[in-house]
Amino acid sequence: PATCRAGCARTCTLVRQCWDVMRLHPVATTLIQVQLCAYYLAAMYPILDMYNFWVAMCGEKDAVALVNIFPVVYGTLGAVFNIGGGVLCDRIGVVKFAWLCGLLQVASAVLVVTGTTFAGQILWLSVWMVYVNAYAVVFFRFAARYAPFELFGSFMGLLSTTMTLPQLVLGTPLTVWMAGLYPEPGDVRKYTVIFTALNAVAGVTTVAMLAWFWWEPPPAPGAVLRTEGGRMVVVGREG
């Protein structure tokens, strides 16, 4: 019991300290939280009904091949870009890397609804995988920049707590709604319309985040410090 109470007390202390980080950066943390929710829903929604989408877009034969190749692309390209994306972000800085993510998001949004061939969907899948992993790098860097180093894991965990909620809450209702609007089995609009709408929302949040970075650049690495009195301060910004 004593160990449990001590652990709970430590967790509560970490949560309060993370709340102090959010109060230090209210606009940035609000924007990244909204962007996380929009990004995850837009990026992951296509895989909820992947096979049926590909059947409507490319035909059954290509759909089977695309479903089979998906884990290969996910496992290889994703792993490579997780490492390469981190290195690139270190080289050019988190703001420029966030701009790159914005461009990848636009490219992914266009390719998913225009790639009517097997090759077109492979191209979308490749760009999508790079985008998903690139944004993960931005998210990790955000947590590392805006919180003291000792709170990196706790702050990142707190931000990601609600990231999947929009998909959990809206995933099935959106699918049912689109099926009602476009009841024909082969009507690809039941997928492309919602893909476009979700990507548009995610794009707006990305623009808002980039605008804030222009107005107030992120803290420099290690620039968020906690004073002896427990107050957090920013001693320098990127650039």
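Bear in mind the structure is a predicted one, so any value in this text is a computation, not a measurement.

Thresholds, definitions, all that
- Residues numbered from 1 in each chain as written.
- Predicted model: local features only at pLDDT ≥ 70, side-chain atom pairs only at ≥ 80, totals over all residues.
- Heavy atoms only, no water.
- Bend = angle between axes of the 7 residues up to and from the residue.
- Helix = DSSP H or I, 4+ residues; strand = E, 2+ residues; numbered from the N terminus.
- Contact = heavy atoms within 4.5 Å.
- 1 Å grid on protein atoms, 1.4 Å probe; cavity = no way out; pocket = protein on both sides within 12 Å on 5 of 7 lines; lining within 4 Å.
- Points joined across faces, edges and corners; volume = space filled by probe spheres on them.
- Nonpolar A, V, L, I, M, F, W, Y, C, P; charged D, E, K, R; others polar.
- Buried < 20%, exposed > 50% of the residue type's maximum accessible area, 1.4 Å probe, protein only.
- Polar contact = N/O pair within 3.5 Å; in protein donor to acceptor, adjacent residues only side chain to side chain.
- Axes fitted to C-alpha atoms, helices over the stretch in contact; angles between N-to-C directions.
- Parallel < 35°, antiparallel > 145°, perpendicular 65-115°, else oblique.

1. Things to note about helix 4 (residues 60-92)
Thinking step 1. Its maximal kink placed at Ile69, helix 4 deviates by approximately 30°, while the proline Pro71 follows within four residues.
Thinking step 2. Buried residues along helix 4 sit against helix 3 (50-58), helix 5 (94-114) and helix 6 (118-146).
Thinking step 3. Gly93 occupies a position one or two residues after helix 4 and carries a positive phi of about 95°.

2. Focus on empty space enclosed by the protein
Thinking step 1. Counted by the stated rule, this structure contains two cavities of 30 Å³ or more.
Thinking step 2. Taken together, 15 residues form the lining of the largest cavity, with Gln35, Ala98, Cys101, Tyr135 and Thr206 sitting closest to its centre.
Thinking step 3. Looking at the lining of the largest cavity, the elements with two or more residues in it are helix 2 (26-44), helix 5, helix 6 and helix 9 (189-215).
Thinking step 4. Residue contributions to the lining of the largest cavity peak at five residues, all from helix 9.
Thinking step 5. Its residues assigned to classes, the lining of the largest cavity shows 11 nonpolar, four polar and no charged.
Thinking step 6. By volume, the second largest cavity amounts to about 50 Å³.
Thinking step 7. Sorting the residues of the lining of the second largest cavity by element identifies helix 2, helix 5, helix 6 and helix 9 as the ones contributing at least two each.
Thinking step 8. Take the lining of the second largest cavity: its biggest share by element is three residues, from helix 6.

3. Notes on the environment of Gly157
Thinking step 1. Along the polypeptide, Gly157 turns up in helix 7 (residues 152-160).
Thinking step 2. Classification of Gly157 by relative accessible area gives partly exposed; the value is 32%.
Thinking step 3. Spatially, the C-alpha atom of Gly157 lies 9.9 Å from that of Cys18, the residues being 139 residues apart in sequence.

4. Focus: the side chain of Thr205
Thinking step 1. Within the secondary structure, Thr205 sits in helix 9.
Thinking step 2. Polar side-chain contacts of Thr205 include one of 2.6 Å to the backbone oxygen of Ala202.
Thinking step 3. Excluding residues within four positions of it along the chain, Thr205 makes contact with Val34, Gln35 and Ala38.

5. Quick look at the packing of helix 2 against helix 7
Thinking step 1. Where helix 2 meets helix 7, the axes come as close as 9 Å, and the angle between the chain directions of the two elements is 55°. With respect to helix 7, the element helix 2 is oriented oblique. Contact residues: Thr29, Ile32, Gln33 and Leu36 in helix 2; Phe155, Leu158 and Leu159 in helix 7.

What is shown is where atoms sit, not what they do.
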